[in-house]
Amino acid sequence: MKRLFSKPSKNVSAKSSAPELPLAMVGRAAALPAATTGLQPNYVVPPVPHPNPHEHIVLLASEYGLLMRPHRAGLSPASYVRVSWGKTANIVELPSDGGSPSVDWNEGVVIYGIVGLMTLFNASYLLVITSRSDVGQLFDASHLIYGVKSVVSIPLVKDRAKSILSRMASRNTSVNRPSLLVSNVDDLQVLDERTSGGPHVKFADEEEVKILTPRDQVKFSGNSADRPASPISSGASTPASDVSMTHSPVSTIANRMSFWSRLSKRASTVSEGADIEESLLDERELLDSIIRDAEGVPDKVISSIIAATAPPPDNSEERNSELEERILRGCLREFTKGDMYFALHFDITRSLQHKHEQITKLHAQSKLLSELDALPKDTIVNPLDDKVDPLFEPSSMLPLWRRVDRRFWWNEWLSKPFMDAGLHSYVTPIMQGYIQISPLDLPKDNFAMQNDPAEPVDYIVISRRSRDRAGLRYQRRGVDDEAHVANFVETEVITRVQRNGISNVFSYVQIRGSIPLFWTQSGYSMKPPPVLAPERNPAQNMDAIKRHFRHAVPLYGPHTIVNLAEQHGKEGMITNAYREYATKLDAKDVRYYEFDFHRETRGMKYENISKLTNQLERVFESQGFFWVSNDMLLSKQKGVFRVNCIDCLDRTNVVQSAFARHVMSMQLEAVGLLSPPQSGRSGVEVIFNDVWANNGDAISRAYAGTSALKGDFTRTGKRDLGGMLNDGVNSLARMYSATFSDWFCQAVIDFMLGYRTLSVFEEFLIKLQSTDPRELIRLSRIRAEAIATSVARVLSEGETLISGWTIFSPEELNVKFDDRFEEKVLLLSARALYIVSYDYSLEKAKMYICIPLDAITRLEKGAYIISPLEEASRDPVQNVGFAVYWHSSDKISMRMTSYSIRNRPEDASKMSPSVVSVNSSSQVKPMLPRREPTKTANLSGIMSKVSENAAGTTNVCFAAFKALPVDPTRVRSGSSTGYAEPADDLAGATTCKQVVDMMVNNIKRACEDAGNSPVITDRDVVSLTEAQKMTSIYAKMEYGVKRLIWLGGLV
């Protein structure tokens, strides 16, 4: 313990006796030479309450790197930080008087904090907070809370960084002014709160006026007046272009296709003083000429539009540059939507009761260590004080980032370089959610004395959205293999009431989260039905719900589930499954209730929610709430409501607001105050409903892209036709968002949280969607199990396994390019090479072919291009495979699962196999429709066909294999969701080419050990030219239209 809290020395005088180091060699060790604890810098902290994150940081671009230090008026810090230029950023802390060249810090730019460091294809970027909003203070000025308002990405390239910092500095009205709000600077990659879709709710001057969600939140135009211009023009229509170009459907197609858009680039180069109408007419003439040249033939028209307006970049460098800007823009948008918050002096990620429980737990641990004489001799453990400070911070000696709840820390991965360097005060934890602080003026109590009026009440709502299984609603549903659920939100309501000169602080926590089962919901229709994941069995669902509540109950106490989903109709399947598994769970700390929200409130009768509140009255009483009065702990919350619907958005927010209103009445009654009537007319009800409506909107924007559907009820306490019409527009916006842009946004979220690497964007460009990182972990485990099962079923007893791999291969042998590929298992033993066709659904080996090592004659390795449609799929380094050739003979054995006693084909020598030439031109099979086997096909026919493909009388047979995609850093250091391939002999491979080289070398060595020396040839399995010939015009058109639909909505 003593080593953990040892203080790093900053003895500057020690360096005078040592030889002076050049600036390039001076690092943190030079600044802190006496840190000899043996611990990493991020574990070494001072033995006193640690300094908070810097409130202001000054940035300066120098010849040696990007410099930064805390900005305090009239003070000169003893050290500064240098971030080296280049993609591989090196972060070091240097002494201010360490012999560095003199720099003028007055030329620097002041920022509010650092979001983190992001490394992309061509460069690394420092993300900094340039503008913040004052959310308010938690009771006093020492507990200020801020919202992230705008963020700038600074490339670690000297000239580009200097240009951006210069532009930022020119915006300042004063040198000492810390506020650096940058606006209308496209190349600064700036986004601010305007991207959130509109302002918060404004109070009406008259009570009769109903406040609705602003209509500008649901605009579909890419260049809305409420959002800054994008660094790359999205191609979306502007008000001017709507008039002149909407007559042609071709223009609509062109505007939709905005991911790679040359037309939009050309339009973006028009100077501000140019005639916009003239440029738009030029665009229309260009599009009209496309129609004429294509002679009006639909497929030619679409192909021409794709080629003219949305061609892929000419080379990988251009593609990476354009993609890099989109990734940056997407990341900045996530941090500036208006739902990111931070505090510098205290932890906002934990509830008041959670902090109190931490203090109690730490004191109990210290007392136990003292009794065991495990603490230093001079350490005294004082008895726990009966007085309770509700705002006391546990473990105040640790840096702020070491105290936060990691579930709600959204920039942890981006901050990791600064944490690893021990730069604690440069790490600013950021939380996603919603925070609003509002005063309530309670009506005067009729029984109170004239000189004893009720003091104003502080009403605070803090919602904390979990980063586990984070993402958008149609991409992240239900539970994952680690028992994390989508859209998990902890909402704490803090109320402070002054009564008779005594301060009473209340806290009450509710949680929401997706139904903890494996289920999905497609986003391709307005009201898609949720369905249970077909690849999951009941045992897996039961295990998932058990582990979910096993993790949650210790954190929040007994759970009362309130399921608001429909009990019939489209949602009935999920509701019935949830009820069934919750009943089978039979846990004493988990109780299940149902309330069909739509049926119970039919006819807009939202007042019927009171039925649910009355039904749960005993639960409210048993739960209680956290209450500190006059620094004395009077009660604690003993349980939590877990409320959910399908999205955990609209219905959930309405019911949670009703629960919060009921608890507030209980709290006011506890201090002798009468709760105001819930008429919706009083000032208390107006403010209360406003806070909860804004809370619902914020969570909805984070998960679904638009404001909460039931916002008009939570704002006014009433539900009417105007609100229903507004909800219909919002539903359309949600469907549009899910269909056109959410897949790329999901890839950005996974990347910035550290769950995926840059390969997720390569995957997106190929598949036009991204894979859940938790699904990758599951697939890795499934592949490992497939290898283990194949080994147990295929290898003979005592046969030594050398390697086992999963690999992509044509379904049939003796072909390289086919319309059917499957993922096979390849086993290499000391005796033979086994090609196993594996059924992943039934978890069994369907068939295997055993090729003795001495029968292998040749191995070819090289590019294996299956699709030439996208740059990433044409990359010869990441699209590599190999082919194994062998002599057909009696030694080739084969077995298959036949559901009968006979599972071995007839002797290959008795067959009449087709002759297979080794000429490469005949090894590529065109993509032709294959007739499906009829139901009357007999077993003998199937086995004979397989045998014909596996062996020949006099010729050579072969099998082609393509390496599965490789994530260069599948196990990301510091990421809790890393995954790895099961094959240890492929560890360290970062490209498919390296994987293939390792596989081929292993096979070659095994053959040599068996007395055979096959020839190794570097030759493309399927070249790009061959792939282009084999790809049909239909396939190209299909991909082009698909790209039009999917990428057109990305802005």
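Residues numbered from 1 in each chain as written. Predicted model: local features only at pLDDT ≥ 70, side-chain atom pairs only at ≥ 80, totals over all residues. Heavy atoms only, no water.

A word on the packing of aromatic side chains. For any two aromatic rings, the description comes down to two numbers: the centre-to-centre distance and the angle of the planes. Using the criterion set out here, one finds 19 aromatic pairs in the structure. Their ring planes at 50° and their centres at 5.8 Å tell us that Phe744 and Phe761 sit as a pair that is tilted. You can see Phe744 sitting in helix α21 (residues 742-752) and its partner Phe761 sitting in helix α22 (residues 759-767), a full 17 residues away along the chain. Per residue, the accessibility class of Phe744 equals that of Phe761, and both read buried. Residues Phe751 and Phe761 carry aromatic rings whose centres are separated by 5.5 Å and whose planes lie at 65° to one another, so their mutual orientation is edge-to-face. In this pair, Phe751 sits in helix α21 while Phe761 sits in helix α22, placing the two residues 10 residues apart along the sequence. Note on Phe751: relative accessible area 6%, which makes it buried. Overall, the relative accessible area of 0% leaves Phe761 in the buried class. Put simply, the rings of Phe506, Phe625 and Trp627 pair up and form one aromatic cluster. The ring of Tyr146 has Arg132 sitting right over it, with the charged end atom 3.9 Å from the ring centre. (Phe/Tyr/Trp six-rings, centres within 6.5 Å; stacked < 30°, edge-to-face > 60°. Helix = DSSP H or I, 4+ residues; strand = E, 2+ residues; numbered from the N terminus. Buried < 20%, exposed > 50% of the residue type's maximum accessible area, 1.4 Å probe, protein only. Lys NZ or Arg CZ within 6 Å of the ring centre and 35° of its normal.)

Right, let's talk about the side chain of Glu799 for a bit. Within the fold, Glu799 resides in the loop between α23 (773-794) and β21 (801-810). Given the relative accessible area of 16%, Glu799 is considered buried. Of note is the side chain of Glu799, whose polar atom sits 2.6 Å from the side chain of Ser829. If we skip the residues at most four places from it in the chain, Glu799 touches Ser829, Arg831, Ala832 and Tyr834. (Polar contact = N/O pair within 3.5 Å; in protein donor to acceptor, adjacent residues only side chain to side chain. Contact = heavy atoms within 4.5 Å.)

Now for the pairing of strand β10 (residues 431-440). Across the 10 residues of β10, eight count as buried, placing the element largely inside the fold. With two bridges joining them, strand β9 (residues 340-342) and β10 adopt antiparallel strand pairing. By the bridge assignment, Met340 is partnered in β10 with Gln432. (Pairing = 2+ DSSP bridges.)

Turning our attention to the packing of helix α12 (residues 538-556) against helix α13 (residues 572-585). One can describe the packing of α12 onto α13 by two numbers: an axis separation of 10 Å at closest approach and a directional angle of 65°. Judged on the interaxial angle alone, α13 and α12 are roughly perpendicular. At the point where α12 passes α13, the crossing takes the right-handed sense. Residue-level contacts link Pro538, Asn541, Met542, Ile545, Lys546 and Phe549 of α12 to Tyr578, Tyr581, Ala582, Lys584 and Leu585 of α13. Residues that form the contact of α12 with α13 fall into these classes: eight nonpolar, one polar and two charged. (Axes fitted to C-alpha atoms, helices over the stretch in contact; angles between N-to-C directions. Parallel < 35°, antiparallel > 145°, perpendicular 65-115°, else oblique. Left-handed = near helix turned anticlockwise from the far one by under 90°. Nonpolar A, V, L, I, M, F, W, Y, C, P; charged D, E, K, R; others polar.)

A separate point is the confidence of the model for the protein chain. Caution applies to low-pLDDT parts of the model: their predicted coordinates are not meant to be read in detail. Per-residue pLDDT for the protein chain averages 74, and the proportion of residues at 70 or more is 64%. A low-confidence stretch, residues 446-450 stays under pLDDT 50, and its non-local contacts, those more than four residues away or across chains, total two contacts. (pLDDT = per-residue confidence, 0-100.)

Once that is clear, we can look at the layout of surface pockets. By volume, the second largest pocket is sized at about 1,600 Å³. Around the second largest pocket sit 44 residues that line it, and Ile359, Leu362, His363, Ser366 and Ser395 are the ones nearest its centre. Of all the elements in the fold, those that place two or more residues in the lining of the second largest pocket are α9 (352-371) and α10 (400-403). At 14 residues, the largest contribution of residues to the lining of the second largest pocket is made by α9. Class assignment of the residues belonging to the lining of the second largest pocket gives a composition of 20 nonpolar, 11 polar and 13 charged. (1 Å grid on protein atoms, 1.4 Å probe; cavity = no way out; pocket = protein on both sides within 12 Å on 5 of 7 lines; lining within 4 Å. Points joined across faces, edges and corners; volume = space filled by probe spheres on them.)

So, on to the environment of Ser837. Counting through the fold element by element, Ser837 comes out in strand β23 (residues 832-839). Of the residues examined, Ser837 reaches a relative accessible area of 7% and is grouped as buried. As a C-alpha pair, Ser837 and Tyr848 span 11 residues in sequence and 6.1 Å in three-dimensional space. Sequence-distant contacts of Ser837, defined by excluding residues within four places in its chain, comprise Glu822, Lys824, Ala845, Lys846 and Met847. A distance of 3.1 Å separates polar atoms of two side chains, one belonging to Ser837 and the other to Glu822.

On to unusual backbone geometry, then. Positioned with a positive phi, Asn500 is a non-glycine residue whose angle comes to about 55°. Residue position: Asn500 is located in the loop between β12 (489-499) and β13 (502-512). Here the phi dihedral of Cys648 falls at roughly 60°; this positive angle occurs in a residue that is not glycine. The buried category is assigned to Cys648, whose relative accessible area is 0%.

Before going further, it helps to spend a moment on the pairing of strand β25 (residues 856-863). For β25, the buried fraction is high: seven of the eight residues fall into the buried class. Pairing of β25 with strand β26 (residues 880-887), which is carried by seven bridges, proceeds in the antiparallel orientation. By the bridge assignment for β26, Arg858 is matched with Tyr885. Sheet topology note: the β25/strand β29 (residues 1015-1018) ladder contains four bridges and is parallel. Looking at the pairing, Arg858 lines up with Val1015 of β29.

For the structure on display, the rule yields 38 salt bridges. Across the salt bridge formed by Asp750 and Arg476, the nearest N and O atoms sit 2.8 Å from each other. In this pair, Asp750 is assigned in helix α21 and Arg476 in the loop between β11 (457-465) and β12, connecting sequence segments 274 residues apart. There is no split in this pair, since Asp750 and Arg476 are both buried. A salt bridge links Glu823 to Arg783; its shortest N-O distance comes to 2.7 Å. Pair noted here: Glu823 is in strand β22 (residues 821-829) and Arg783 is in helix α23, with a separation of 40 residues, a long-range link. With respect to burial, Glu823 and Arg783 carry one shared label: buried. One continuous salt-bridge network, built from bridges that share partners, spans Asp405, Arg407, Arg464, Glu490 and Glu492. (Salt bridge = Lys/Arg side-chain N within 4 Å of Asp/Glu carboxyl O.)

The terminal C-alpha atoms of α9, which comprises 20 residues, lie 29 Å apart, in line with the 28 Å expected from a rise of 1.5 Å per residue. Listed as buried for α9 are Leu352, Gln353, Lys355, His356 and His363. In a view along the axis of α9, the buried residues occupy a sector of 170°, so they form one face of it. Along its buried surface, α9 packs onto β12, β13, β18 (626-629) and β19 (632-635). (Expected span 1.5 Å × (residues − 1). Arc of directions from axis to C-beta.)

Turning our eyes to something else, we now look at the sheet that holds strand β4 (residues 91-95). Pairing is antiparallel in the open sheet, where five strands are placed in the order β4-β3-β2-β1-β5. Lying at the two open borders of the sheet, with one neighbouring strand each, are β4 and β5 (109-111). Between one strand axis and the next, the sheet turns by 30° as a mean value, whatever way the strands run. Both strand β3 (residues 79-83) and β4 contribute to a ladder of five bridges, which runs antiparallel. Bridge assignment links Val81 to a residue of β4, and that residue is Glu93.

Turning to the packing of helix α8 (residues 316-335) against α21, a few remarks are in order. Look at α8 against α21: their axes get within 9 Å of each other, and the N-to-C directions meet at 80°. On the basis of the axis angle, α8 is roughly perpendicular to α21. Listed contacts from α21 to Leu323, Arg326, Ile327, Gly330, Cys331, Glu334 and Phe335 of α8 are Phe744, Val748, Ile749, Phe751 and Met752. Residues belonging to the contact of α8 with α21 are distributed by class as follows: nine nonpolar, one polar and two charged.

All right, on to helix α25 (residues 992-1009) then. Between its first and last C-alpha atoms α25 spans 26 Å; for 18 residues at 1.5 Å apiece the expected length is 26 Å, and the two agree. For α25, every residue scored as buried is listed here: Cys992, Val995, Val996, Met999, Val1000, Asn1002, Ile1003, Ala1006 and Cys1007. Viewed along the axis of α25, the buried residues span an arc of 155°, placing them on a single side of the element. Gly1011 sits one or two positions beyond α25 and adopts a positive phi of about 90°.

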